[in-house]
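# Coordinate inspection notes
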Amino acid sequence: MSHNISAGTGERRTMKKLLLVIAVAVIAWLVYALAWPTRFAPVAWQPVPADTSAAKPASLAHVTRLAETAGTGPETVITGPNDALYAGYADGTVHRLARDANTRITQDTVIADTHGRPLGLAFAPPGTPAARAGTLYIADADKGLVAVDEAPTRTAAANGLRLLTDTANGTPFRFTDDVVVADDGRLYFTDASSRWPQPDYRTVILEHAGDARLMVYDPATDTTRVLLDGLQFANGITLSRDPRYLLINETSAYRVRRYWLRGERAGTNDIFIDGLPGFPDGISYAPGADVYWIALFAPRNALLDFAADKPVLRRLTWHLPAALQPRAAHESHILAVDDQGRIVANLIDKADSAYAPITSVEQVGDTLILGSLERAAIGRLAAPTLP
């Protein structure tokens, strides 16, 4: 009997010591997380509730995978000369993917290697002054805004990359994200963060510091100007139909901002659509359908929205091991929005087999071409009939 009592007492003492050690460790971690100097400076904000009046969801399940062996992470996919597809990959390479009438890939050629992380891609419109025909412009997260003169015989062996700009107003780009070329030859592009590089994109979202910028580069004068600063994770960018304005996705604010280029409102900006149900990434204008396609990287995270006005909680979250931090749900989701900012198509796939995350969407005829930051393949599906 006395032996059992002694053993029980010893176990309780061991348990108390263990709990004490855990309590001390937790207190030490809290002191470190809250008091240790760090660059991370979360800002309190209040997200607009998700719009529940969006178009009725439709299936995004029938996605065909293309170019599955080309590489990992074709973040942006666009069409270019001879209707080839162009995509930038995580290893820094940019590929030309020739295709047949059914969008089957017939040839894969590496045309450039930025030795960085190519994200946004754009060709100048035909006949654009101050920009040579066939020039491919690349928003490289690490390098800045670069260009390569594309030709059917080009390969990466003759790289020919030119750095156009990597700083504005004395502040270097840290996360050059997307680019579009206007009909006057100017390049409009985004820097998603002036503080954090692309691998820290989750930090940019969690911090919500508003350190992103919209800029314009003029090839005729070799100058870069900041048009807007204080943006929240400025991401995908596209020109309007006219083009009177630009649309810029603010990923961490669940909205699309409009910047006016022409007319009485030139130089001003407003919100084009707010309260999106997820994190907007790429955006493109579809002339044939007269809509803007928006790729949602992931749906909203309830914990992140709860912590939006609680910087201390977000600071603690940032210090957690990566495995314990909020993760993006595996969901493919794209929206079509008309020129009034109304959602007219809402395509979703939440299955384990979904092509996700989607980071770009471009309509080519009756086909949608999808890019992804993490997948190996490029996605293709039939464009839906729009109202």
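Notes on the structure in this doc start here. On a predicted model such as this, the values are computed, not experimentally measured, just so you know.

Along the backbone of the protein there are 4 helices and 27 strands. Looking at the protein as a whole, 53% of its 387 residues qualify as buried. Counting only contacts in the protein whose residues sit at least 6 apart along the sequence, the fraction spanning at least 24 positions is 55%. Entry remark: accessible area of the protein is about 17,500 Å², with carbon and sulfur atoms responsible for 55%.

Time to look at the sheet that holds strand 18 (residues 245-250). With respect to topology, 4 strands assemble into an open sheet ordered 17-18-19-20, the strand pairing being antiparallel. Two strands bound the open sheet, and with one partner strand each, they are strand 17 (234-239) and strand 20 (269-273). Across the sheet, the mean angle separating the axes of adjacent strands is 30 degrees when strand polarity is ignored. Taken together, the 6 bridges between strand 18 and strand 19 (residues 255-260) define a ladder with antiparallel strand orientation. What sits directly across from Leu-246, in strand 19, is Tyr-259.

Let's shift gears to the nonpolar core. Within the largest apolar cluster, 35 residues are counted, with the highest numbers of intra-cluster contacts made by Val-256 and Phe-272. Listed by contribution, the elements that provide at least two residues to this core are helix 2 (201-207), strand 18, strand 19, strand 20, strand 21 (278-286), strand 22 (291-299) and strand 23 (332-337). A total of 5 residues in this core trace back to one element, the largest contributor, which is strand 22. The residues contacting Val-256, other than those within four sequence positions of it, are Leu-247, Ile-248, Asn-249, Ile-271, Phe-272, Ile-273, Leu-276, Ile-283 and Ile-294.

This brings us to the packing of aromatic side chains. This model, assessed by the stated rule, comprises 12 aromatic pairs. Ring pairs connect the aromatic residues Tyr-245, Trp-260, Phe-272, Tyr-285 and Tyr-292, which therefore count as one cluster. Above the ring of Tyr-254, the side-chain terminus of Arg-300 is found at 3.9 Å from the ring centroid.

We now examine the pairing of strand 24 (residues 343-349). The buried count for strand 24 comes to 6 of 7 residues, which makes it a mostly enclosed element. Bridging between strand 1 (residues 58-59) and strand 24 involves 2 bridges; their strand directions are parallel. Note on strand 24: the bridge partner recorded for Ser-59 is Ile-348. Taking the residues between adjacent antiparallel strands as the criterion, strand 23 and strand 24 are bridged by 5 residues, where Gly-341 takes a positive phi near 75 degrees.

On to the sheet that holds strand 25 (residues 360-364). As summarised here, the arrangement of the 4 strands in space is 2-27-26-25, forming an open sheet in which the pairing is antiparallel. Each edge of the open sheet carries a strand with a single partner, namely strand 2 (64-66) and strand 25. The average angle at which neighbouring strand axes cross in this sheet is 30 degrees, direction not considered. Bridge analysis of strand 26 (residues 367-371) against strand 27 (residues 378-382) gives 4 bridges, and the strand direction is antiparallel. Directly across from Thr-367, in strand 27, lies its bridge partner Ala-382.

This part covers the environment of Thr-103. Relative to the elements of secondary structure, Thr-103 occurs in the loop between strand 5 (93-99) and strand 6 (105-113). For the pair formed by Thr-103 and Ala-84, sequence separation is 19 residues and the distance between their alpha carbons is 9.1 Å. What Thr-103 contacts, discounting residues up to four positions off in sequence, is Leu-66, Ile-369 and Arg-380.

The subject of this paragraph is the side chain of Asp-281. By the element assignment, Asp-281 lies in strand 21. The side chain of Asp-281 sits in the buried core without any salt bridge; Arg-117 is the nearest counter-charge, 9.7 Å away. Within the local environment of Asp-281, its side chain forms a polar contact with the side chain of Asn-235, the two groups lying 3.5 Å apart. Each residue touching Asp-281, except ones within four places of it in the same chain, is listed here: Glu-75, Asn-235, Gly-236, Asn-249, Thr-251, Ala-295, Phe-297, Ile-358 and Thr-359.

Conventions we followed
- Residues numbered from 1 in each chain as written.
- Predicted model: local features only at pLDDT ≥ 70, side-chain atom pairs only at ≥ 80, totals over all residues.
- Heavy atoms only, no water.
- Helix = DSSP H or I, 4+ residues; strand = E, 2+ residues; numbered from the N terminus.
- Buried < 20%, exposed > 50% of the residue type's maximum accessible area, 1.4 Å probe, protein only.
- Contact = heavy atoms within 4.5 Å.
- Areas by Shrake-Rupley, 256 points an atom, 1.4 Å probe, with all protein chains shown as cover.
- Pairing = 2+ DSSP bridges.
- Axes fitted to C-alpha atoms, helices over the stretch in contact; angles between N-to-C directions.
- Core = buried A, V, L, I, M, F, W, Y, C linked by side-chain atoms within 4.5 Å.
- Phe/Tyr/Trp six-rings, centres within 6.5 Å; stacked < 30°, edge-to-face > 60°.
- Lys NZ or Arg CZ within 6 Å of the ring centre and 35° of its normal.
- Lys, Arg positive; Asp, Glu negative; His and termini not counted.
- Salt bridge = Lys/Arg side-chain N within 4 Å of Asp/Glu carboxyl O.
- Polar contact = N/O pair within 3.5 Å; in protein donor to acceptor, adjacent residues only side chain to side chain.

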